[in-house]
Amino acid sequence: MHITVLITTILAFTAQLHAAEKLYPSPPNQSVVQNEIGKYRHIVGSRPGREGGFRIEVEIINSKTVVHNYGHGGYGVTLSPGSAIESIRLVEEKLNDKSKAIVIGAGVNGLSIAYMLAKRNIDVEIITKDTYPNIVSGVAAALWNPYDISSSDEKTSQRLYQIQTDSLDWFGGLVNESSWGVRPVELFVPTERLLVSEVHFFLPFEQTPIKWHKTLPIEGFSIGGYQASTLFIDTSMYMPKLMDELKKMHIKVTQRELKSLPDFVKTLDDDSIVFNASGLGAKWLTADDAVYPIRGDLCIFDDQKISPKLKNDYILMWGERPDYMFTRVSNEQQQGQFIFGGVYEAGDDSRDIKSHYCERTLKSYLDFVKSASTE
Ligand SMILES: Cc1cc2nc3c(=O)[nH]c(=O)nc-3n(C[C@H](O)[C@H](O)[C@H](O)COP(=O)(O)OP(=O)(O)OC[C@H]3O[C@@H](n4cnc5c(N)ncnc54)[C@H](O)[C@@H]3O)c2cc1C
């Protein structure tokens, strides 16, 4: 789907919803959250942050071509297709039917590159320490949120815009193929503390309309807030689907931790091209000190009976952090999940369960819902 078509579709979808003055169901059962605190599944991931933004760049190491593609922080899923397109574009003249591409990493960035190369009949092998779901790409939600990609430099801005546009175009093309788990979703931000410009971080482009409601159209709510349409990439479907597609194309995945990029490339043939999508691993693999971890936690209530009305209907975001809640029933194996998040701890590389993070998020949810319905 072309981007203008996608935006038109989203706008039409929004107009339809608003015209019908749809009333959305109440958010997940507060008594479940209240009574089952301690029974949820707590998962943790380390986002690959990078000072100065992500790195998509060619480097010649020991006379081999290496394309770096890492450091996407909290928006790596959002920008993965555009980043893969840009990475491949940088070595377009070197790619031919004799090329051998080695992709380091099986996160969303590595798999996207491998998928696009394989579709062009390039010989690809993935080398990776870990695979889905044991990587941050298996933890991400993921909501469309290219939130801090901007630059004062005109050329960089154009490049970032192109990556964003290519990503939106790509995901837009998957919206009607339900097996990928990409869908339009309504975002409710029931607070006046978030500025409209901040809500825009979660939207496909500035022109996406944001509606202010004096009272949000959610059953039982009496507070005002913003509503906008955006995209949701359900990684519990998107990641396995990418893996399946690669398997169908007989792409080899070798499980191996690389210790040194220069030593590794020495072992390769001259016409090999390496794509380094090692996420946080790039900090050590390429000795890039600008890379840093950003801890994120999700608190998941599995096997929930989710009202069909609530099924994938909206994402609720509240508070200054902000915290957020969404439901996931699109994966047929799961009866349904309530998922809560909002942890964004820069510099924290720990992945152990720290129960106070989920307790904080869930408490803030309960407080928020209480205040949203009684004000
Ligand atoms: C709670 C949470 C919520 C999030 N929500 C969103 C969201 O709503 N929207 C969004 O866009 N993003 C979101 N993110 C961020 C997103 O998850 C990341 O930006 C993205 O997954 C990064 O993908 P990646 O492929 O670059 O890295 P990874 O998924 O970390 O993949 C890196 C790969 O490299 C491999 N590797 C690393 N080192 C080596 C080595 N030395 N040798 C071999 N292999 C190596 C790893 O094993 C792994 O397979 C969220 C993250 C968290 C934690």
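The text that follows walks through the structure, step by step, so that each part is easy to find.

Reading guide: rules and limits
Residues numbered from 1 in each chain as written. Predicted model: local features only at pLDDT ≥ 70, side-chain atom pairs only at ≥ 80, totals over all residues. Helix = DSSP H or I, 4+ residues; strand = E, 2+ residues; numbered from the N terminus. Buried ≥ 20, exposed ≤ 12 C-beta atoms within 10 Å, placed from the backbone. Contact = placed C-beta atoms within 7 Å. Near = placed C-beta within 6 Å. Nonpolar A, V, L, I, M, F, W, Y, C, P; charged D, E, K, R; others polar. Domains from an automatic or database assignment. Expected span 1.5 Å × (residues − 1). Axes fitted to C-alpha atoms, helices over the stretch in contact; angles between N-to-C directions. Parallel < 35°, antiparallel > 145°, perpendicular 65-115°, else oblique. Left-handed = near helix turned anticlockwise from the far one by under 90°. Pairing = 2+ DSSP bridges. Core = buried A, V, L, I, M, F, W, Y, C linked by C-beta atoms within 7 Å.

## Quick look at the overall build of the protein
The secondary structure content of the protein amounts to 10 helices and 15 strands. Here the protein holds 375 residues, and 45% of them are scored as buried. In the protein, the proportion of contacts linking residues at least 24 apart, taken out of those at least 6 apart, comes to 76%.

## Some points on the site of the ligand
Taken together, 42 residues surround the ligand, and among them G76, G107, G279, G281 and G296 come closest. When residues of the shell around the ligand are traced back to their parent elements, those giving at least two are strand 1 (41–50), helix 4 (108–119), strand 5 (123–128) and strand 11 (291–301). Across the shell around the ligand, the residue classes tally to 20 nonpolar, 18 polar and 4 charged. Built from parts of two domains, the shell around the ligand gets at least three residues from each of domain 1 (3–48 + 182–233 + 294–374) and domain 2 (54–140 + 236–290).

## Concerning the environment of A346
Inspection of the secondary structure assignment puts A346 in strand 15 (residues 345–346). It is 9.2 Å that separates the C-alpha atoms of A346 and S46, two residues lying 300 residues apart in sequence.

## What about helix 5 (residues 154–172)?
When the terminal C-alpha atoms of helix 5 are compared, their 26 Å separation across 19 residues agrees well with the 27 Å that a helix rising 1.5 Å per residue should span. Here helix 5 has its buried residues at L160, I163, Q164, S167, L168, W170, F171 and G172.

## Brief notes about the packing of helix 3 (residues 80–90) against helix 4
Running from amino to carboxyl end, helix 3 crosses helix 4 at an angle of 55 degrees, the nearest separation of the two axes being 9 Å. On the basis of their axis angle, the class for helix 3 and helix 4 is oblique. When the axes of helix 3 and helix 4 are compared, the crossing they make is right-handed. Of helix 4, the residues touching helix 3 (which contributes S80, P81, S83, A84, I85, S87 and I88) are V108, N109, S112, I113, M116 and L117.

## Some details on the sheet that holds strand 10 (residues 272–276)
Spatially, the 6 strands line up as an open sheet ordered 2-3-10-4-5-9, and their pairing is mixed. In this open sheet, the two edge strands, each paired with only one partner strand, are strand 2 (55–61) and strand 9 (252–255). If you compare each strand with its neighbour and ignore which way they point, the axes differ by 20 degrees on average. Two elements, strand 3 (residues 64–70) and strand 10, share 4 bridges in a ladder whose sense is parallel.

## Some points on the nonpolar core
In this structure, V103, A114 and I315 are the most contacted members of the largest nonpolar core, which totals 91 residues. A domain split of this core shows at least three residues from each of domain 1 (3–48 + 182–233 + 294–374) and domain 2 (54–140 + 236–290). Excluding anything up to four places from it in sequence, A114 contacts V103, V124, I126, L246 and I251.

## So, the packing of helix 3 against helix 5
Interhelical geometry of helix 3 versus helix 5 gives an angle of 120 degrees and a closest axis separation of 6 Å. By the angle class used here, helix 3 and helix 5 are oblique. The crossing of helix 3 and helix 5 is right-handed. Together, S80, P81, G82, S83, I85 and E86 of helix 3 and Q162, I163, Q164, D166, S167, W170 and F171 of helix 5 make up the contact between the two elements. Its residues placed into classes, the contact of helix 3 with helix 5 shows 5 nonpolar, 6 polar and 2 charged.

## Points about the environment of E51
Note on placement: E51 falls in the loop between strand 1 and strand 2. Between the C-alpha atom of E51 and that of D289, which follows or precedes it by 238 residues, the distance is 8.8 Å.

## Things to note about helix 4
Between its terminal C-alpha atoms helix 4 stretches 16 Å, which fits the 16 Å expected from 12 residues at 1.5 Å a residue. Counting buried positions along helix 4 gives 10 out of 12 residues, so the element sits mostly inside the fold. Within helix 4, the full set of buried residues consists of V108, N109, G110, L111, S112, I113, A114, Y115, L117 and A118. In the segment just after helix 4, N121 is the residue with positive phi, at about 65 degrees.

## Overview of unusual backbone geometry
Each neighbour pair has its own omega, and for Y132 with P133 the value is 10 degrees, a cis peptide bond. The topology assignment puts P133 in the loop between strand 5 and helix 5. Omega for the peptide link from R321 to P322 comes to -10 degrees, which places this bond in the cis form. Relative to the helices and strands, P322 is located in the loop between strand 12 (314–318) and strand 13 (323–328). Positive phi is not limited to glycine here, since N121 has a value of about 65 degrees. Tracing the backbone through its elements, the reader meets N121 in the loop between helix 4 and strand 5.

## As for the environment of I163
Relative to the assigned elements, I163 resides in helix 5. Among residues more than four places away in sequence, those in contact with I163 are L79, G82, S83 and E86.

That is the geometry; function is a separate question.
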